[in-house]
Amino acid sequence: MSFDEIIGQDESKQRLLDMAENNRLPHAIMLCGPQGVGKLGLAIAFGCNLISMPRPGQSEQQAKGTATMLAKLEHPDLHFTFPTIKLPSMGTTHKPVSDDFAREWHSLVMEGPYFSIDQWLAAMGALNQQAIITAGESDELVRKLTLKSSQGGYKVSIIWLPERMNDECANKLLKLIEEPPSQTVFIMVCEEPDRLLETIRSRVQRIDVKRLDTTVIEQALVERRAVDSDMAHRVARIANGSWLKALLALQADTENSQFLDLFILLMRQAYRRDVKGMKGWSETLAALGREKQKRFLTYFLHMVRESFMYNFKQPELCYMSQAEEQFAKNFSPFINEANILPITDMLNLAIRDIGQNANAKIVFFHLSLQMIVLLLQK
């Protein structure tokens, strides 16, 4: 994988390349930023760049062999660590490790480095599980990285979402980072750095990867996806700096379409005070996995915010798809100065409760009943 495959992020690309060229390469780097901005792609491209650097005595044939293996992401000195789940087929004492899902990971990454934890969970066949990085993974890393480099160059360990490490794994990784094996570079790809141990954060060089400019996404949609300029402009604004969101918005049957239907259904039931319908609605939401439930609540927040902004009749302030805007035309007057903050607080509380494994049926039914009262406030 090369840097040319990454959308935008020229500043981060150049900073990484300067580290290698100027002999200022730290042994541990952490790329931080929101989902879908290209962190994983940057990590893989930089890792491939380090491994392919010319070495004394390297023949042309060896260089070609290295390039071929890196193009397929099958080089023995390129290691991936990522969150995993425990399958029913695994033994009771087995601690899942990345190698257990190497085929699924390779297949997903080769399609492109822009994907979410939920897409990864689906690729693993997860049902209602939350993926973590286990202590078994840190033991595997120690075993792999203490071996000599296969070709005498760098060994690169890419850790995707290190914030999902359990405590035992995090402490073992800390020890590995404090005393790194020779010619080993750790590249962490992190979305929630505050969840990491402070001792780990203090031992890595952090690079913040920013959201993409709307113009960058718009241009990439036109050039790489052959999207017409009007659609590209609307999608780029909705994407909010995330190429992943832009890609999902292009799909005919996106998750957001399902979320919009669920949002509309609840608003109509709340307006009619259809308590029986709300009970069925809350059971539908409770049947989803917890990660998807949190995404729906985040989408709920998005629609409440956009509906409120729609009242100001300033198109540049609104970031909605055509279907969302069509609904907001009639719905937006129900979101106003009197209820925008209480609704926002209620949704943030629901996100927290779902994250703490509260009973989903109770959380969503309570939320739906609260909407009856809040929609009447003016």
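Right, let's walk through the structure included here. Each chain carries its own residue numbering, running from 1 in the direction its sequence is written. This being a predicted model, a pLDDT of at least 70 is required before a residue's local features are given, and a value of 80 or more before pairs of side-chain atoms are given or counted; all residues contribute to the totals for chains, interfaces and linings. Only hydrogens and water are set aside; all other atoms, that is, all heavy atoms of the structure, feed into the side-chain values.

A closer look at the sheet that holds strand E1 (residues 28-32)
For sheets, the rule is that strands pair by backbone hydrogen bonds, running either parallel or antiparallel.
Step number 1: Here, any two strands with at least 2 DSSP bridges between them count as paired. Every helix listed is a DSSP run of H or I at least four residues long, and every strand listed is a run of E at least two residues long, numbered separately from the N terminus. Pairing within the open sheet is parallel, and its five strands lie in the order E2-E3-E4-E1-E5. Taken across any chain shown, the strands that pair with only one partner, and hence form the sheet edges, are strand E2 (78-81) and strand E5 (205-208). For this sheet, the mean angle separating the axes of adjacent strands, direction not counted, is 20°.
Step number 2: Of the strand pairs in this sheet, E1 and strand E4 (residues 184-190) are connected by five bridges, and their pairing is parallel. When the sheet's bridge partners are listed, Leu31 is paired in E4 with Val189.
Step number 3: Against the sheet, helix H6 (residues 135-145) makes contact with E2, strand E3 (155-160) and E4, and its axis sits at roughly 175° relative to E2, the strand it touches most. Here, axes are lines fitted to C-alpha atoms. For helices the fit covers the stretch in contact, and angles between N-to-C directions go from 0 to 180 degrees. Whether two residues are in contact is decided by their heavy atoms, any of which lying within 4.5 Å being enough.

Some details on empty space enclosed by the protein
Step number 1: In this analysis, the protein atoms alone were mapped onto a 1 Å grid. Cavities are point sets where a 1.4 Å probe fits without being able to get out; pockets are open sets with protein on both sides within 12 Å along at least five of seven lines; lining residues have an atom within 4 Å of a point. Grid points are joined across faces, edges and corners, and a volume is the space filled by probe spheres set on the points. On inspection of all chains with the given rule, the structure shows two cavities of 30 Å³ or more.
Step number 2: One number sums up the size of the largest cavity: a volume of about 90 Å³.
Step number 3: Taken together, Gln35, Gly36, Val37, Gly38, Lys39, Leu40, Pro113, Tyr114, Phe115, Trp160, Val189 and Glu191 make up the lining of the largest cavity.
Step number 4: Gly counts as polar in this scheme, as do all residues outside two lists: the nonpolar Ala, Val, Leu, Ile, Met, Phe, Trp, Tyr, Cys and Pro, and the charged Asp, Glu, Lys and Arg. Considered class by class, the residues forming the lining of the largest cavity number seven nonpolar, three polar and two charged.
Step number 5: The volume enclosed by the second largest cavity comes to roughly 30 Å³.
Step number 6: Lining the second largest cavity, in full, are Thr81, Glu137, Ser138, Leu141, Ile159, Met165, Cys169 and Leu173.
Step number 7: Of all the secondary-structure elements, those providing two or more residues to the lining of the second largest cavity are H6 and helix H7 (167-178).
Step number 8: It is H6 that contributes the most residues to the lining of the second largest cavity, three residues altogether.
Step number 9: When grouped by side-chain class, the residues that make up the lining of the second largest cavity number five nonpolar, two polar and one charged.

As for the nonpolar core
Step number 1: Core analysis: the largest hydrophobic core is formed by 60 residues, its most contacted members being Ile158, Trp160 and Trp243.
Step number 2: With nine residues, helix H2 (residues 39-51) is the single largest residue contributor to this core.
Step number 3: Sequence-distant contacts of Ile158, defined by excluding residues within four places in its chain, comprise Leu40, Ala43, Ile44, Leu78, His79, Phe80, Thr81, Ile187 and Val189. In this description, a nonpolar core means a group of buried Ala, Val, Leu, Ile, Met, Phe, Trp, Tyr and Cys residues linked to one another through side-chain atoms lying within 4.5 Å. To sort residues, take the accessible area from a 1.4 Å probe on protein chains only and compare it with the maximum for the residue type: under 20% means buried, over 50% means exposed, and anything in between is partly exposed.

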